[in-house]
Amino acid sequence: MGGALYRQSAQRRWAALALLAGLTVLPLLLQAVGHEFYVSFVSRLLIFALAATSLNFVVGFGGMIAFGHAAFFGAGAYTVAILMENGISSALVAWPLAIAVAALLALGIGLVSLRTRGVYFIMITLAFAQMIYYLFISLKAWGGDDGLSLASRSTLGSLPLSNDAVFYWVVLACLAATLLLLDRITHARFGRVLQAIRENESRMEALGYPVHSYKLLCFVIGGALAGLAGALIANHGQLASPSLLQWTQSGTLLVMVIVGGVGALYGGVVGAATLLLLEEVLSHFTHHWHAALGLALLFVVFRAPHGIAPWFHRRFSRSKKNEAPRE
Amino acid sequence: MDIFLQQVINGLVQGAIYAMVALGYTMVYGIMGLINFAHGEVVMIGTLVTITVVTFLLKAGFPVWLAGGMGIVAAASVCMVLGWSLERVAYRPLRGAPRLTPLITAIGMSIVLQNLAMMIWGRNYMTFPSLIEKTQFEIGGAAFTNVQVLIVLVAGLSMGGLLLLVYRTKLGMAMRATAQNPGVAGLMGVNANRVISSAFVIGSVLGALAGVMVGVYYEIAHYQMGFMLGLKAFTAAVLGGIGNLAGAMAGGILLGLIEALGAGYIGDLTGGFLGSHYQDIFAFVVLIFVLMFRPSGLFGEKTGDRA
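Cut-offs and rules
Residues numbered from 1 in each chain as written. Chains lettered and ligands numbered in written order. Predicted model: local features only at pLDDT ≥ 70, side-chain atom pairs only at ≥ 80, totals over all residues. Heavy atoms only, no water. Helix = DSSP H or I, 4+ residues; strand = E, 2+ residues; numbered from the N terminus. Rg over C-alpha atoms; globule rule 2.2 N^0.38 Å. Buried < 20%, exposed > 50% of the residue type's maximum accessible area, 1.4 Å probe, protein only. Contact = heavy atoms within 4.5 Å. Lys, Arg positive; Asp, Glu negative; His and termini not counted. Charge placed at Lys NZ, Arg CZ, Asp CG, Glu CD. Expected span 1.5 Å × (residues − 1). Patch = residues over 30% accessible without salt bridge, like charges linked within 9 Å, V, L, I, M, F, W, Y side chains within 5 Å. Areas by Shrake-Rupley, 256 points an atom, 1.4 Å probe, with all protein chains shown as cover. Salt bridge = Lys/Arg side-chain N within 4 Å of Asp/Glu carboxyl O. Nonpolar A, V, L, I, M, F, W, Y, C, P; charged D, E, K, R; others polar. UniProt positions renumbered as here; feature names shortened; annotations may be inferred. Phe/Tyr/Trp six-rings, centres within 6.5 Å; stacked < 30°, edge-to-face > 60°. Lys NZ or Arg CZ within 6 Å of the ring centre and 35° of its normal. Axes fitted to C-alpha atoms, helices over the stretch in contact; angles between N-to-C directions. Parallel < 35°, antiparallel > 145°, perpendicular 65-115°, else oblique. Left-handed = near helix turned anticlockwise from the far one by under 90°.

*Asks:* In this structure, what is going on with the overall build of chain B? I would like to understand it.
*Replies:* Summing up its helical and strand segments, chain B has 11 helices and four strands in all. Its C-alpha atoms give chain B a radius of gyration of 19 Å, within 12% of the compact-globule value 19 Å for 307 residues. With the C-alpha coordinates aligned to their principal axes, the bounding extent of chain B is approximately 60 × 55 × 35 Å. With 307 residues in all, chain B has 56% of them scored as buried. For chain B, the share of sequence-separated contacts (at least 6 apart) that also reach a separation of at least 24 residues comes to 76%. Averaging the coordinates of the 15 positive side-chain charges in chain B and doing the same for the 11 negative ones gives two points 18 Å apart.

Structure, rendered in structure tokens:
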């Protein structure tokens, strides 16, 4: 039993390393075949993977269906843009601050929202996010409807971030670090307690765990990581746009998480890749790609109701005794 | 004073429409714990079908009352079929799946329906043919039209009819039983599939009526109108306590009133910082405050961990 588990985790580690290596050399490959354009596309994909992963931590491990994640995503982006506007372009200052701002925002919103549960939690997080959206589009000093553009990308030591390939590697490093961090968290005591709370909140409360604080901390971690993704997306397009804060953004992230696999470590990554690739491919083929996307979503969900990552895992993993994916 | 009264009248009309749509959400949620995000699109299709049928019949020389009546019947039947098939195609196959999964099919269906409507009716705004000659009345400095009176009346009658159905008929009893405990209801011989289908059908008919009201009231329609209307109506259902019929009605009216009053006074309140097109903010502010103090909505009972 222990051996099987060990084999399985070793297998997973090798798969992850192979994937990481493949993604690392990807820009060189794309350059070699003359498709540099796609480096920027894959960067965007990885940033959304990071944002979806942060939401998946809240939804999948904390069991909180948050419909306002765009608020933290956008807050990170705007923090970087506003600092840039005021002459602070160092990534070492701006990105941690973006994370901090998003975390603080998550703390405030979480404190109030966690009084509610279920569908009420969905709606109250949505309401908070929408209020922040309206606040930003009415603040003319910060760009209003047009958003706030960045004069250049952030500076990070002597790394030329303006080079798309270099920026890609930085994004990849952020994503890999985040996945590693979340992997450690979910296997640590905190993560175990968190998952137990997701399964049975009242029992954990009866056992004396401060359920509310655990959930709040989970919400804040998710928000903070979304802030990092926001900082990256602002740099990617050199724009902090109010559309990052809009509720459709929260919806997109949630779709990515559910399609990828709620509560699966790589669920966010798989979901983001699926959705963005589908969008890219379908929009090449048909004018009505929105409808095609809707149908594709239906198809995916009927084939894999627990999400693609767990489905894939069950199909191709040698051991059939995988942890059952949770909703 | 007259602005206040005026906005109260406008809010009541808008609120009646929200309430009609909110009932569709709350019935489905109450019975099967599912957020039917595509309900807003059903309302939109109702409006567009009415426009097509009425325009065609008026051109063919039918009298106004007959054209209007047949428009409503057509919208109701199309929406009934649509709601019924929505459940069969998008939700029933996923009955045993994780709770969040139907949300994806709902969003998928909603995208598909919007695009379908765009292909059939085009991207442009459509004007609703005028069925009723508008006459204005005045009370205490506030004006209102016969259309507004009619909307509130029809909404009141439909909601009364719904309450009769749910609390005075056998089908209604089966619905309430299924909402309380599907397993036990099944043991008592209630056919859960039939109950769920009827909830969708009834909700869609109310949605179709709401769609006709929106058309008659604003005289304009668009293939994207469903989503925002649906979101607002869903907010109303949550405000009142989801799964609760009276709550959805009260929540709808309340939301309509708050939005109308908010739109009337928002400029003064924020010193011109926010214009009346930010009236949506009020809906969300009120939602946050209500849920802070009543975490299960105004009339909601404390529920378990449903989502």
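Once the structure has been displayed, the description carries forward.
*Asks:* Hey, could you run me through the overall build of chain A in this one?
*Replies:* Secondary structure assignment for chain A yields 13 helices and two strands. Whereas a compact globule of 327 residues would reach a radius of gyration of roughly 20 Å, chain A reaches 20 Å, a difference of no more than 12%. Considering only C-alpha atoms, chain A reaches an extent of 55 × 50 × 45 Å along its principal axes. When the 327 residues of chain A are sorted by exposure, 55% land in the buried category.

*Asks:* Explain helix α10 (residues 247-260) of chain A here, please?
*Replies:* Each full turn of the α-helix corresponds to 3.6 residues, which orients residues three or four apart in the same direction. Residues and elements named next belong to chain A. Helix length check: α10 (14 residues) gives 20 Å between terminal C-alpha atoms against 20 Å at 1.5 Å per residue, within 8%. The buried fraction of α10 is high, at 12 of 14 residues. Along α10, the residues classified as buried are Trp247, Gln249, Ser250, Gly251, Leu253, Leu254, Val255, Met256, Val257, Ile258, Val259 and Gly260. One or two steps after α10, the chain reaches glycine 261, where phi turns positive at roughly 140°.

*Asks:* How should I be thinking about a nonpolar patch on the surface in this particular structure?
*Replies:* Residue and element names in this part refer to chain B. On the surface, a nonpolar cluster with roughly 360 Å² of combined accessible area is contributed by Ile132, Val149, Leu150, Leu153 and Val154. Residue placement: valine 149 occurs in helix α5 (residues 146-168). When its relative accessible area of 35% is taken as the criterion, valine 149 is described as partly exposed.

*Asks:* Just checking my understanding: could you explain the side chain of B:Thr178 for this structure?
*Replies:* All names here are of chain B. Mapped onto the secondary structure, threonine 178 falls in helix α6 (residues 170-180). Accessibility expressed as a relative area gives 3% for threonine 178, which makes it buried. Leave out the neighbours within four places in its chain, and threonine 178 touches Ile31, Ala185, Val190 and Val195.

*Asks:* Is there a simple way to explain the interface of chain A and chain B in this structure?
*Replies:* How large an interface is tends to be reported as the accessible area lost when its parts come together. The interface is formed by 41 residues belonging to chain A together with 50 residues belonging to chain B. Here chain A and chain B share zero salt bridges between them. Only α5 (119-138), α10 and α12 (289-303) of chain A provide two or more residues apiece to the side of chain A that touches chain B. Tallying contributions element by element places α5(A) first for the side of chain A that touches chain B, with 13 residues. Looking at the side of chain A that touches chain B residue by residue, the classes come out as 29 nonpolar, nine polar and three charged.

*Asks:* Which parts of the structure should I look at to understand the UniProt feature "transmembrane region" (unreviewed entry) in chain B?
*Replies:* Residues and elements named next belong to chain B. Here, UniProt's "transmembrane region" (unreviewed entry) annotation points to residues 12-35, 42-58, 64-82, 103-122, 142-167, 195-218 and 281-300. For residues 12-35, helix accounts for 88% and strand for 0%, while the C-alpha atoms at its two ends are 25 Å apart. In the segment residues 64-82, helix accounts for 100% and strand for 0%; the C-alpha atoms at its two ends are 27 Å apart.

*Asks:* Whenever I open this one, the packing of aromatic side chains confuses me. Can you help?
*Replies:* How two aromatic rings sit relative to each other is set out by the distance from centre to centre and by the angle between their planes. This structure, assessed with the given rule, holds 20 aromatic pairs over all chains. With centroids separated by 4.3 Å and ring planes inclined at 40°, the aromatic side chains of A:Tyr78 and A:Phe136 adopt a geometry described as tilted. Pair noted here: A:Tyr78 is in helix α3 (residues 70-85) and A:Phe136 is in helix α5, with a separation of 58 residues, a long-range link. An aromatic cluster is defined as three or more aromatic residues linked by ring pairs; in this entry it consists of A:Phe67, A:Trp247, B:Tyr25, B:Phe37, B:Phe227 and B:Phe234. Lying across the ring of A:Phe167, A:Arg153 places its NZ or CZ 4.3 Å from the centre.

*Asks:* What is the right way to read unusual backbone geometry from this model?
*Replies:* Glycine aside, residues mostly have negative phi angles, and peptide bonds mostly take the trans form. One non-glycine residue, A:Gln238, adopts positive backbone phi at about 50°. Summarising the element assignment, A:Gln238 is placed in the loop between α9 (211-237) and β2 (239-240). For A:Gln238, a relative accessible area of 27% corresponds to the partly exposed category. Phi at B:Glu219 takes a positive value of approximately 60°, unusual for a residue other than glycine. One can find B:Glu219 in the loop between α8 (192-218) and β4 (220-221). For B:Glu219, a relative accessible area of 34% translates into the label partly exposed.

*Asks:* Just checking my understanding: could you explain the packing of helix α9 (residues 225-240) of chain B against helix α11 (residues 280-293) of chain B for this structure?
*Replies:* Residues and elements named next belong to chain B. Where α9 contacts α11, the two axes come as close as 10 Å, and the packing angle between them is 25°. Here α9 is positioned roughly parallel relative to α11, judged by the angle of their axes. Handedness of the α9/α11 crossing: left-handed. Packed against α9, whose contacting residues are Met228, Lys232, Thr235, Val238 and Leu239, the element α11 presents Asp280, Val286, Leu287, Val290 and Leu291 at the interface.

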